[in-house]
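Letter by letter, the chains look like this.
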Amino acid sequence: MTASTHTPPAGFPQDLRDDLVALRRDLHRDPEIGMSLPRTRQRVLSALDGLDLEITLGRDLDSVVAVLRGGAVPDGSPRRAVLLRGDMDALPLQEVLDVDYASVRSGVMHACGHDLHVAGLVGAVHLLHARRDELRGDVVFMFQPGEEGPGGAAVMLDEGVLEASGGPVIAAYSLHVSSAGHPRGMWFGRPGPQMAAADECVIRVVGAGGHGSQPHLAKDPVPVACEIVLALQLMVTRQFDAMDPMVVTVGRISGGTKDNIIPDDATLELTVRTFSQANRDRVHDAIRRVVDGITAAHGMTGETTTSMGYPVTVNDDTEYAFLQATVEDLFGADRHYLMPHPEAGAEDFSYVAQRVPSAYVFLSACPAGDPTTAPDNHSPRAHFDDAVLPDQALLLTEVALRRLRDPR
């Protein structure tokens, strides 16, 4: 891995830079999880205070939607809007990072960098507000709770975030910082599938309990559950195209109470990651066939319950090309890495991308050192360098300005 080529953008206002760092560290120190983020929301509102914005607060979650009206809409032209999104929630994780702004909330940590997302989006609001007379349309700023679950983007869509400006949202953009993998300041992404769909399955193998010394008088669900674990991996490699990959991982298996007691049942809990809707549609039926077939072969029954999670996050080809060109124009072509494959993580910006042509990009906020060995997102030691905050704010500002000038 090459050394960081990151240099801060020239001319970025120092007072705004200081304010964004202070905001980010304040959020990091006092994180909140889920859909209820009252303290986070109040900090966002305070950071936007005094700006000429139309602000709407969420009803069923602590979201903030701010609309900035552009002053350069051509006479007779319909008003169009661009949406910029930043997620706000933290993770249920005990921080062990030794920094002076470490979390003071026991068991809660901004281990995925959403504190930087909030501060970066606030920076874009301020930059665009200063240039609102150049905007040939409106900008919708989407401050979203619940990305880590249960899915705040879907709720904000239901509450009308895409209709907030009164005109059509022609494109949406979001970014995500990482604490490892690439040198600080490197942007990376790809057109097409960027992140996976993430679904959950719970499989219950129902047998009949008995004494461990006499398994022939019982129906032991434990070895049958183990057989299902192996058969699921065979299913992935033999029933699905290797060029359209998926991941089926059994993360938990449970059954029984004591070594000499055969239990009545055993349970498997799975995560299922797919990168196309076609595979997502097929895989759950395939899992049920495996479970039903194996349990029936052993004279037992299987119960499969599926919980559908976030869809595949798909970057619109044209919008991603536009975002990449903006990154390379602002920061240089050597600061963008085109990912050859999508990531298997999941993201609820996917709901927005299903409704609006969208582009989603990663930015490394890895501190100095070897990014290949740095603790990654969701680690209690994940460390994000807020030196990248001006980069975030500048990119979001420029994609909004340039996209609204684009006649598409």
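Conventions and cut-offs
- Residues numbered from 1 in each chain as written.
- Predicted model: local features only at pLDDT ≥ 70, side-chain atom pairs only at ≥ 80, totals over all residues.
- Heavy atoms only, no water.
- Helix = DSSP H or I, 4+ residues; strand = E, 2+ residues; numbered from the N terminus.
- Rg over C-alpha atoms; globule rule 2.2 N^0.38 Å.
- Buried < 20%, exposed > 50% of the residue type's maximum accessible area, 1.4 Å probe, protein only.
- Contact = heavy atoms within 4.5 Å.
- Areas by Shrake-Rupley, 256 points an atom, 1.4 Å probe, with all protein chains shown as cover.
- Lys, Arg positive; Asp, Glu negative; His and termini not counted.
- Charge placed at Lys NZ, Arg CZ, Asp CG, Glu CD.
- Core = buried A, V, L, I, M, F, W, Y, C linked by side-chain atoms within 4.5 Å.
- Salt bridge = Lys/Arg side-chain N within 4 Å of Asp/Glu carboxyl O.
- Expected span 1.5 Å × (residues − 1).
- Arc of directions from axis to C-beta.
- Phe/Tyr/Trp six-rings, centres within 6.5 Å; stacked < 30°, edge-to-face > 60°.
- Polar contact = N/O pair within 3.5 Å; in protein donor to acceptor, adjacent residues only side chain to side chain.
- Pairing = 2+ DSSP bridges.
- Axes fitted to C-alpha atoms, helices over the stretch in contact; angles between N-to-C directions.

Caption draft 1: The overall build of the protein, seen in detail. Across its full length, the protein holds 9 helices and 16 strands. Whereas a compact globule of 408 residues would reach a radius of gyration of roughly 22 Å, the protein reaches 24 Å, a difference of no more than 12%. Counting only C-alpha atoms and orienting by the principal axes, one finds that the protein spans roughly 80 × 50 × 45 Å. Within the protein, the fraction of its 408 residues that count as buried is 53%. Pairs at least 24 residues apart make up 81% of the contacts formed inside the protein by residues separated by at least 6 positions. If you sum the accessible surface of the protein, you get close to 17000 Å²; carbon and sulfur atoms cover 52% of it. Between the averaged position of the 35 positive side-chain charges in the protein and that of its 56 negative side-chain charges there is a distance of 1 Å.

Caption draft 2: Highlighting the nonpolar core. Counting residues in each nonpolar core, the largest one holds 57 residues, and the members touching the most others are Leu48, Leu84, Leu128, Phe141, Phe143 and Tyr173. If we ignore the near neighbours within four places in the chain, the residues touching Leu128 are Leu68, Leu84, Leu135, Val139, Phe141, Thr397, Ala400 and Leu401. Judged by nonpolar contacts, the second largest core, of 24 residues, contains Ala225, Ala266, Val272 and Ala286.

Caption draft 3: Highlighting the pattern of salt bridges. This structure, assessed with the given rule, holds 31 salt bridges. As a salt-bridge pair, Asp348 and Arg85 come within 2.8 Å of each other at their nearest N and O atoms. Of this pair, Asp348 sits in the loop between β15 (336-338) and α8 (349-355) while Arg85 is found in strand β3 (residues 81-87), placing the two residues 263 residues apart along the sequence. Asp348 sits in the buried class, given a relative accessible area of 0%. Two residues, Arg408 and Asp406, come together in a salt bridge whose shortest N-O distance is 3.0 Å.

Caption draft 4: Fine view of the environment of Glu200. Mapped onto the secondary structure, Glu200 falls in strand β8 (residues 197-206). In this view, Glu200 contacts Leu270, Thr305, Thr306 and Ser307; residues no more than four positions away in its chain are not counted.

Caption draft 5: Local environment of helix α5 (residues 221-239). For α5, which comprises 19 residues, the first-to-last C-alpha distance of 25 Å matches the rise-based estimate of 27 Å (1.5 Å per residue) to within 8%. Looking at α5, one finds that the buried residues are Pro221, Val224, Ala225, Ile228, Ala231, Leu232, Met235 and Val236. Projection of α5 onto a plane perpendicular to its axis shows the buried side chains occupying an angular sector of 145 degrees, all on one side. Away from its buried face, by an angle of more than 90 degrees, α5 presents the exposed residues Leu230, Leu234 and Arg238. Elements that come into contact with the buried residues of α5 comprise β8, β10 (246-254), β11 (261-262), β12 (265-274) and α6 (277-297).

Caption draft 6: Representation of the environment of Ser36 within the structure. Along the chain, the position of Ser36 falls in the loop between α1 (14-29) and α2 (38-48). What makes Ser36 partly exposed here is its relative accessible area of 49%. Considered as a pair, Ser36 and Asp385 are 349 residues apart in the sequence and their alpha carbons are 26 Å apart.

Caption draft 7: Representation of the packing of aromatic side chains. The full count for this structure, using the stated rule, is 6 aromatic pairs. Taking the centre distance of 6.1 Å and the plane angle of 45 degrees together, the rings of Tyr173 and Phe322 count as tilted. You can see Tyr173 sitting in strand β5 (residues 169-178) and its partner Phe322 sitting in helix α7 (residues 317-331), a full 149 residues away along the chain. Like Phe322, Tyr173 is buried. Cluster of aromatic residues (ring-pair linked, three or more members): Phe188, Phe349, Tyr360 and Phe362.

Caption draft 8: Just unusual backbone geometry, in detail. With an omega dihedral of 10 degrees, the bond running from Gly149 to Pro150 counts as a cis peptide bond. Position of Pro150 among the secondary structure elements: in the loop between β4 (138-144) and α4 (152-158). The phi dihedral of His378 is positive, around 75 degrees, even though this residue is not glycine. With respect to the helices and strands, the residue His378 is situated in the loop between β16 (358-364) and α9 (389-405). For His378, a relative accessible area of 40% translates into the label partly exposed.

Caption draft 9: Main features of the side chain of His28. Structurally, His28 can be placed in helix α1. A polar contact is formed between the side chain of His28 and the side chain of Asp115, at a distance of 2.8 Å.

Caption draft 10: Inspection of the sheet that holds β8 at higher detail. Strand order in the open sheet formed by 4 strands is β10-β12-β8-β13, with antiparallel pairing between adjacent strands. Looking along the sheet, the strands with just one partner apiece sit at the ends: β10 and β13 (301-307). Across the sheet, the mean angle from the axis of one strand to that of its neighbour is 20 degrees, orientation sign disregarded. Summarising the sheet, β10 and β12 pair through 8 bridges and their orientation is antiparallel. For Met246, the partnering residue across the bridge sits in β12 and is Thr274. Packed onto the sheet, α5 meets β8, β10 and β12 and runs at close to 170 degrees relative to β10. Against the sheet, α6 touches β8, β10, β12 and β13, its axis set at about 160 degrees to β13.

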